[in-house]
Amino acid sequence: MEVAEFRIKRLFLLAKESMDPDSPMHGLGKRYVHIAEEISSHYRIRIPNEIRVQICRSCHNLLVPGINAKVRVVSGKGYVAYACECGAERHIFYK
Ligand SMILES: [Zn+2]
């Protein structure tokens, strides 16, 4: 695996950990996402898809259901809607 890709994945693990209110890194989530995005554009590698779908496009928060995101399934249209605390919604199609 590329070193840069490894670093991006590591940063997202940290971002996820920082969502825990008891974590000493609490509140640093956006910062980790920002660094990961800079690495990805610097090395011209894509953030892995499974990670990219968890980032809010509008405020670059990591979306964690139950913490800062509300998830609802729109089964008629075949997608899951992730509503970020900033008000933006992401639609993840599963069909
Ligand atoms: Zn947002």
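You'll find the structure just up there.
A. A look at the packing of aromatic side chains. For the structure on display, the rule yields one aromatic pair. Ring plane angle 65° and centroid distance 5.2 Å describe the contact between Tyr79 and Phe93, whose orientation is recorded as edge-to-face. One end of the pair, Tyr79, is in strand 2 (residues 79-84); the other, Phe93, is in strand 3 (residues 89-93), and 14 residues separate them in sequence. Overall, the relative accessible area of 55% leaves Phe93 in the exposed class.

B. Geometry of the nonpolar core. Counting residues in each nonpolar core, the largest one holds 17 residues, and the members touching the most others are Ile8, Phe12, Tyr32, Val33, Ile47 and Leu62. Mapped by element, the contributors of at least two residues to this core are helix 1 (3-18) and helix 2 (29-42). Looking at this core element by element, the count peaks at six residues for helix 1. Contact partners of Val33, with chain neighbours within four places excluded, come to Phe12, Ala15, Ile55, His60 and Leu62. If you look at the next biggest cluster of nonpolar residues, it comprises five residues, including Cys56, Leu63, Ala69 and Cys84.

C. The arrangement of the pairing of strand 2 in detail. Pairing of strand 1 (residues 69-74) with strand 2, which is carried by six bridges, proceeds in the antiparallel orientation. For Lys70, the partnering residue across the bridge sits in strand 2 and is Ala83. Between the end of strand 1 and the start of strand 2, which pair antiparallel, lie four residues, with Gly78 showing a positive phi angle near 75°. Where strand 2 meets strand 3, five bridges bridge the pair, whose relative direction is antiparallel. Bridging from a neighbouring strand, Tyr79 pairs with Phe93 of strand 3. Taking the residues that link successive antiparallel strands as the turn, the strand 2-strand 3 hairpin has four residues, and the phi of Gly87 there is positive, at about 105°.

Rules used in this analysis
Going along each chain's sequence as written, the residues are numbered from 1 onward. Thresholds applied to this predicted model are a pLDDT of at least 70 for local features of residues and 80 or more for the giving and counting of side-chain atom pairs; totals over whole chains, interfaces and linings are not thresholded and use all residues. By convention in this description, side-chain values take in all heavy atoms of the structure and omit both hydrogens and water. Working definition: a ring pair exists when centres of Phe, Tyr or Trp rings (six-membered ring for Trp) sit within 6.5 Å. Plane angles under 30 degrees give stacked, over 60 give edge-to-face, the rest tilted. Strands here are runs of E lasting at least two residues and helices are runs of H or I lasting at least four, both read from the DSSP assignment and numbered beginning at the N terminus. Partly exposed describes any residue whose relative accessible area lies between the buried limit of under 20% and the exposed limit of over 50%, with all areas from a 1.4 Å probe on protein chains only and scaled to the type maximum. We define the nonpolar core as a collection of buried residues of types Ala, Val, Leu, Ile, Met, Phe, Trp, Tyr and Cys that are connected through side-chain atoms lying within 4.5 Å of one another. Residue contacts are defined here by distance: any two heavy atoms, one from each residue, within 4.5 Å place the two residues in contact. A pair of strands is treated as paired once DSSP finds two or more bridges between them.

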